[in-house]
Amino acid sequence: RGAAIAHGKVVAVAYADGDLTLDEILEAAAATASDGVLIDTALKNGPGLRQLIDRNTLTCWISRARDGGLRVAVAGRLMRDDLPWARECGADIAGVRGAACEHGRTSRVIAEKVRLLRCHV
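Computed from a predicted model, the values in this text were never measured in an experiment.

Rules used throughout
Residues numbered from 1 in each chain as written. Predicted model: local features only at pLDDT ≥ 70, side-chain atom pairs only at ≥ 80, totals over all residues. Heavy atoms only, no water. Pairing = 2+ DSSP bridges. Helix = DSSP H or I, 4+ residues; strand = E, 2+ residues; numbered from the N terminus. Right-handed = clockwise from strand over helix to strand, strands pointing away. Axes fitted to C-alpha atoms, helices over the stretch in contact; angles between N-to-C directions. Parallel < 35°, antiparallel > 145°, perpendicular 65-115°, else oblique. Left-handed = near helix turned anticlockwise from the far one by under 90°. Contact = heavy atoms within 4.5 Å. Nonpolar A, V, L, I, M, F, W, Y, C, P; charged D, E, K, R; others polar. Salt bridge = Lys/Arg side-chain N within 4 Å of Asp/Glu carboxyl O. Buried < 20%, exposed > 50% of the residue type's maximum accessible area, 1.4 Å probe, protein only. Expected span 1.5 Å × (residues − 1). Arc of directions from axis to C-beta.

Participant: What's the story with the pairing of strand S2 (residues 9–15) in this structure? I'm lost.
Facilitator: Where a strand is regular, its side chains alternate between the two sheet faces. Relative to strand S3 (residues 36–40), S2 runs parallel, the two sharing 5 bridges. Its bridge partner being in S3, Val 13 is matched across the sheet by Leu 38. Where the polypeptide runs from S2 across helix H1 (residues 22–31) and back to S3, its parallel neighbour, the crossover connection is right-handed.

This is the structure we're talking about:
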């Protein structure tokens, strides 16, 4: 958990497989006057976000975050087939890494994979 600053905006970052509950993540974002919140996974070889949080729970959580004026990004072992799920749940941004790389998250990004990901949203 922590915060990232991009273009003068503060984004609270928390892990779905971490210590905080989803409610606590929103409370922390509100307490720090964050502009957005990113829910990710800490364990890069563990279950992905989609396995950790069901659609209804994530949709409700994103709705509450947006009601609080937050933009929402989701990440955590998301693959191409997970992007419609993230969009349907209401996420503003879906972050990928391994899905865009040649041989997993530690290899190089492949332009063709990025094109396929863009077409899938």
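Now, onward.
Participant: Which parts of the structure should I look at to understand the packing of H1 against helix H3 (residues 55–67)?
Facilitator: Between two packed helices, the angle of one axis relative to the other and the distance separating the axes together describe the packing. For the pair H1 and H3, interaxial distance at closest approach is 11 Å and the crossing angle is 15°. Between H1 and H3, the interaxial angle falls into the category roughly parallel. By crossing handedness, the relation of H1 to H3 is classed as right-handed. Taken together, the residues of H3 that come into contact with H1 (itself represented by Leu 22, Asp 23, Ile 25 and Leu 26) are Thr 57, Trp 61, Arg 64 and Ala 65. Each residue belonging to the contact of H1 with H3 can be placed in one class, and the counts come to 5 nonpolar, 1 polar and 2 charged.

Participant: I keep staring at the pattern of salt bridges and nothing clicks. Help me out?
Facilitator: Oppositely charged side chains can form a pair if their charged atoms are brought close together. This structure, assessed with the given rule, holds 7 salt bridges. The salt bridge involving Glu 102 is made with Arg 108; its shortest N-O contact spans 3.3 Å. Exposure remark for Glu 102: the relative accessible area of 33% places this residue in the partly exposed category. One salt bridge connects Arg 115 with Glu 112, and the closest N-O pair in it is separated by 3.1 Å. Residue Arg 115 and its partner Glu 112 are both found in helix H5 (residues 111–119); the two are separated by 3 residues, about one turn of the helix. Given the relative accessible area of 48%, Arg 115 is considered partly exposed.

Participant: Any chance you could explain the pairing of S3 here in plain terms?
Facilitator: Across the 5 residues of S3, 5 count as buried, placing the element largely inside the fold. What you see with S3 is no split at all: Gly 36, Leu 38 and Asp 40 on one side and Val 37 and Ile 39 on the other are buried throughout. Pairing geometry for S3 and strand S4 (residues 71–74), over 4 bridges, is parallel. Within S4, the residue paired with Leu 38 across the bridge is Ala 73.

Participant: Is there a simple way to explain H3 in this structure?
Facilitator: In this model, H3 (13 residues) spans 18 Å end to end at C-alpha, consistent with the 18 Å of a helix rising 1.5 Å per residue. All buried positions along H3 are accounted for by Leu 58, Trp 61, Ile 62 and Ala 65. Projected down its long axis, H3 carries its buried residues within an arc of 100°, all on one side. Exposed and oriented more than 90 degrees from the buried face of H3 are Asn 56 and Asp 67.

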